[in-house]
Amino acid sequence: MMSLFDKRDHLVFLGNISLTLKIAAIMVVLGVTLLSVLSNIHGKMMSEIFDAQLHERLEARSNEDSRLFENYFLSYQSGVGALASSYGLIVYVKNAAWDSREPTKTDELHDIPPWLPKSSVLKFYVGFNHAILYDRAGRSREVYNATDGPPLSARFSDLAQLPISPGPSYFIRLDSTNYVLSAREVKDADGNKIAVLVITHPINDELLIDAMGPLSGRSTVVLASSEDHTVIATNRPELIKDGTTLGTLNDKFMFKGKHFLDSGEDEVHMMFVSLISFSEVNELRSKVLSDNIRFNIITAVALILSFIVIMLYITMRIRRLDNYVSNVSRVHLAIEPPKSTGGDQLRVLEERFRRLFDEIIESKSLLEKRALDLEDINRELKETTVQLIQTEKFAALGELTAGVAHEINQPLNGIKIICQSISKDIQKNRYSIKEMEPDLADIVEQVDRMAAIIDHMRIFTRRSETMNLESTDINTIVEGAFKLLHQQLINDGINVTKNLAPNLPQINGDITRLEQVFINLIVNAKNAMTDDDNADKNLKITTSLTNNGDLPSSCDGAIVIEVENNGTSIPESIIDKIFQPFSTTNYFMQTNEQGKETGIGLPVSKKIIDDHGGNISVQSNPGRTTIFKITLPIADNKPQQTNM
């Protein structure tokens, strides 16, 4: 049976599927799950919020409907007041010739009488079916019927039969019919009562529709009896029939805001109720929930698409990184990356990184081993450098042998002569202590001179593994080199000129090694002038102070030493190679006798100057002079010890 797992415990078939497809599948599953959970949770939340908002808004609408109806009811007062105080009505009543018993007009006439405003003005007043004009005795004289509705109750013929007083609006019940009405006295200019005007309207669907105005189609309201809860009027007669009891509407409508209305002497009590049908509520709830589901679906799809786009971008970046790692491995590290078999880009990239890091770890081990080998080589190189410096010292000492021998031979001859003279005086018994004291002092002086030369040579040839830096004067080092070479230069007929600037700043240097550099340069200059046929042989050494010279700008100042000779110049073809160790084109190996130059004097000198943080250069003019220029930094007054 084939194993589903490879050596790294990854599913083989999953590893061969593209990362983009994996993420897309995961996001679809997560999106569907999230949509299902959110729809369930969010649906319940939205349903609760909807119910709370619905009740709150229905309560607000109920209060608004109630205020609207109450304002309409109270507008009868202002309406009848405005009509009763109109000039046309007052003039009409004064000029009326009413019979003392019968009204002059009945409610069968529907034309607007002259005692009411024109229809263009009347439409702005509260709606009423009948306007009744009574004389001062309260007998009905004129009746205006605005509609073809049922006739008024006979009780309207006499104002005394109506349990009202002029001013307020009333609900009254007359002959089983409910009315809303309002009355106002008509007075002349002197304030005398000359008539009474009453406007009225049956409490029916038409009244409620007119009272609700533009909101009539949006709200469902009813006026019901407060005694048996029977519907008296509604603004939605197509939904609720008059005479229906409120109890029978519980399964179809939701009730909100039952307001009890109480007005009039007849003790007529009614309820004003706002309703909303359950079908409208369910339709609205379904719309809200469907909108919520639609929003969740859009959100989930947008989320899935967003993550897919992000993963496509990430996959593109992973592919670029994979190509980059592959190219770096192949081109720059010479590591052949594993071949891509397609599928999961992360798995492919992981394989490349795993291979790359394995190679890096292996290379690190090799580098550590090579570093150890380089440390051994470097240690051997240091030892070899020390040996080369020591060899160069002895080579220079060989050059100095004749001069040093002459330097020592002179004081020895002087001592010999003085001793012979003293010996003869002793033999002839003619010596004197006072005469011997100067002679003995000369002997001591000559011995001290030889001791100084021998001690200087001992210090010069001493082997040192480290470079001992100390604050010293460059002029003293230069003079030390001439101590050992003075006699040789005289023997070779070389004129020495020293231009040593006084009071120069101190430098940090290894006195012995710097002296070795100057000995090398002076010996090389001497050899160059010895091989030259020029009779006038001049060696000039100069010390001076400069700002920085050829040193880095961080250096505060530098000492410059120039060694100049007029011997054989250095050919231009090899001048750039004279500081290279063991160079076959070494100038001094070509110009001097075989075995007289090792070929390492100038390279060793350059190494010593570099170790001191300085610089050495050469300038050679054919047929004129050769100048070696050394630049050393001024001391920071901190003696140091530096390993080679």
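Anyway, here's the lowdown on the structure attached to this text. All residue numbers here refer to positions counted from 1 along the written sequence of the relevant chain. Local features are withheld for residues below a pLDDT of 70 in this predicted model, meaning they are given only at 70 or higher, and side-chain atom pairs are given and counted only at 80 or more; totals for whole chains, interfaces and linings count all residues. With hydrogens and water set aside, each side-chain value is computed from the structure's full complement of heavy atoms.

This part takes up the overall build of the chain. Within the chain one finds 12 helices and 18 strands. Residue burial is assigned from relative accessible area. The probe radius is 1.4 Å, only protein chains are included, and a residue is buried under 20% of its type maximum, exposed over 50%, and partly exposed in between. Counting across all 644 residues of the chain, residues that qualify as buried make up 41%. By definition in these notes, contact holds between two residues if any of their heavy atoms fall within 4.5 Å. Look at the contacts in the chain between residues 6 or more apart in sequence, and 66% of them connect residues 24 or more apart. Element-wise, carbon and sulfur atoms account for 55% of the exposed surface of the chain, whose accessible area totals about 35700 Å². Strands are runs of DSSP state E lasting at least 2 residues, helices are runs of H or I lasting at least 4, and numbering of each runs from the N terminus. Each accessible area is a Shrake-Rupley estimate made with a 1.4 Å probe; only the visible protein chains count as cover when residues are assessed.

With the exception of glycine, most residues fall at negative phi, and the peptide bonds are largely trans. The phi torsion at aspartate 175 lies on the positive side, around 55°, for a residue other than glycine. With respect to the secondary-structure elements, aspartate 175 resides in the loop between strand E3 (169-174) and strand E4 (177-187). Using a relative accessible area of 52% as the deciding quantity, one classes aspartate 175 as exposed. At serine 176, a position not held by glycine, the phi torsion is positive, near 70°. Residue position: serine 176 is located in the loop between E3 and E4.

This paragraph deals with the pairing of strand E14 (residues 537-546). Sheet topology places strand E12 (residues 494-500) next to E14; seven bridges connect them, and they run parallel. Bridging across to E14, asparagine 495 finds its partner in asparagine 538. Strand pairing requires that DSSP identify at least two bridges connecting the strands. Note: E14 against strand E15 (residues 558-565), eight bridges, orientation antiparallel. Following the sheet pairing, threonine 542 is matched in E15 by glutamate 562.

On to the packing of helix H9 (residues 474-491) against helix H10 (residues 511-530), then. Here the axes come from fitting lines to C-alpha atoms, over the contacting stretch only for helices, and the angles between their N-to-C directions go from 0 to 180 degrees. Where H9 meets H10, the axes come as close as 9 Å, and the angle between the chain directions of the two elements is 40°. Overall, the two elements H9 and H10 adopt an arrangement that is oblique. For the crossing formed where H9 meets H10, the hand is right-handed. Contacts between H9 and H10 involve Ile474, Ile477, Val478, Gly480, Ala481, Phe482, Leu484, Leu485, Gln488 and Leu489 on the former and, on the latter, Ile511, Leu514, Glu515, Phe518, Ile519, Ile522, Val523 and Lys526. In terms of residue class, the contact of H9 with H10 is built from 14 nonpolar, two polar and two charged. Angular relationships are summarised with four words: roughly parallel below 35 degrees, roughly antiparallel beyond 145, roughly perpendicular across 65 to 115, and oblique for the angles in between. For any pair of crossing helices, the crossing counts as left-handed if the nearer helix is rotated counterclockwise from the farther one by less than a right angle, and right-handed if it is rotated clockwise. Three classes are used, and their members are as follows: Ala, Val, Leu, Ile, Met, Phe, Trp, Tyr, Cys and Pro are nonpolar, Asp, Glu, Lys and Arg are charged, and the others, Gly among them, are polar.

This next bit is on the side chain of histidine 612. Mapped onto the fold, histidine 612 is located in the loop between helix H12 (601-611) and strand E16 (615-620). Judged by its relative accessible area of 9%, histidine 612 falls in the buried class. From its side chain, histidine 612 meets the backbone nitrogen of aspartate 510 in a polar contact 2.9 Å long. Those residues within four positions of histidine 612 in sequence are excluded, and the remaining contacts are Met467, Leu469, Asn508, Gly509, Asp510, Leu514, Leu632 and Pro633. Throughout this description, a polar contact denotes any pair of N or O atoms lying within 3.5 Å of each other; where both atoms belong to protein, one of them has to be capable of donating a hydrogen while the other can accept it, and for residues adjacent in sequence the pair is counted only when both atoms sit in side chains.

What follows covers a nonpolar patch on the surface. To count toward a patch, a residue needs a relative accessible area above 30% and no salt bridge. Like charges then connect within 9 Å, nonpolar side chains (Val, Leu, Ile, Met, Phe, Trp, Tyr) within 5 Å. The rule for a salt bridge is simple: a side-chain nitrogen of Lys or Arg has to be within 4 Å of a carboxyl oxygen of Asp or Glu. Nonpolar side chains collect at one region of the surface, where Leu34, Leu303, Phe307, Ile310, Tyr313, Ile314 and Met316 lie side by side and expose about 580 Å² of accessible area between them. Broken down by element, the nonpolar patch gets its largest block of residues, six residues, from helix H6 (residues 278-332). As for its placement among the helices and strands, phenylalanine 307 is situated in helix H6. Judged by its relative accessible area of 35%, phenylalanine 307 falls in the partly exposed class.

The next thing to look at is the pattern of salt bridges. Applying the stated rule across the entire model yields 11 salt bridges. The network of salt bridges with shared partners includes Asp135, Arg139 and Arg141.

One recurring pattern in soluble globular proteins: nonpolar side chains tend to sit buried together. Counting residues in each nonpolar core, the largest one holds 39 residues, and the members touching the most others are Ile474, Phe518, Leu539, Ile561, Phe628, Ile630 and Leu632. Among the elements of the structure, H9, H10, E14, E15, H12, E16 and strand E17 (626-633) are those that each provide at least two residues to this core. With nine residues, the single largest contributor to this core is H10. Contacts of isoleucine 474, omitting those with residues within four sequence positions, involve Leu504, Ile507, Phe518, Thr543, Ile559, Ile561 and Leu632. Among the nonpolar cores identified, the runner-up in size contains 37 residues, and Val93, Trp115, Phe171 and Val180 belong to it. Only buried residues count toward a nonpolar core, which is a set of Ala, Val, Leu, Ile, Met, Phe, Trp, Tyr and Cys residues joined through side-chain atoms within 4.5 Å.

Now for the packing of aromatic side chains. How two aromatic rings sit relative to each other is set out by the distance from centre to centre and by the angle between their planes. Working definition: a ring pair exists when centres of Phe, Tyr or Trp rings (six-membered ring for Trp) sit within 6.5 Å. Plane angles under 30 degrees give stacked, over 60 give edge-to-face, the rest tilted. Across all of its chains, the model carries four aromatic pairs by this definition. On the basis of an interplanar angle of 20° and a centroid distance of 5.2 Å, the ring pair of phenylalanine 69 and phenylalanine 272 is categorised as stacked. Residue phenylalanine 69 is found in helix H2 (residues 19-84), and its partner phenylalanine 272 is found in strand E9 (residues 268-277); the two are separated by 203 residues along the sequence. Phenylalanine 272 shares its class with phenylalanine 69; the two are buried. Here the aromatic rings of tyrosine 72 and tyrosine 76 are separated by 5.8 Å at their centres, their planes lie at 85°, and the arrangement is edge-to-face.

Attention now moves to the sheet that holds E17. Taken in spatial order, the five strands make up an open sheet running E12-E14-E15-E17-E16, and their pairing is mixed. Of all strands in the sheet, those with a lone pairing partner are E12 and E16, marking the two edges. Sheet twist, expressed as the mean angle between neighbouring strand axes with direction ignored, is 15°. Here H10 sits on the sheet and contacts E12, E14, E15 and E17; the angle it forms with E14, its principal contact strand, is near 145°.

Locating valine 301 in the fold gives a position in helix H6. On the basis of relative accessible area, valine 301 is assigned to the partly exposed category, the value being 42%. When the C-alpha atoms of valine 301 and methionine 27 are compared, they prove to be 9.7 Å apart, with 274 residues separating the residues in sequence.

Turning our eyes to something else, we now look at the pairing of E3. The element E3 is largely enclosed, with a buried count of five among its six residues. In this structure, E3 lies alongside E4, joined through six bridges in antiparallel fashion. Residue pairing in the sheet places tyrosine 170 in a bridge with leucine 181 of E4. A loop of two residues connects E3 with E4, the two strands running antiparallel in sequence, and aspartate 175 in this loop sits at a positive phi of about 55°.

Among the structural elements, glutamate 351 can be located in helix H7 (residues 345-427). The class of glutamate 351 is partly exposed, set by a relative accessible area of 22%. Sequence separation between glutamate 351 and aspartate 322 is 29 residues, and the spatial gap between their C-alpha atoms is 9.9 Å.

Now for the sheet that holds E4. What the five strands build is an open sheet, ordered E2-E1-E5-E4-E3; its pairing is antiparallel. Looking at which strands have only one partner, the edges of the open sheet turn out to be strand E2 (140-145) and E3. Ignoring strand direction, the axes of neighbouring strands in this sheet form an average angle of 25°. The strands touched by helix H3 (residues 87-95) are strand E1 (130-134), E2, E4 and strand E5 (193-202); relative to E5, the strand with the most contacts, the crossing angle is about 120°.

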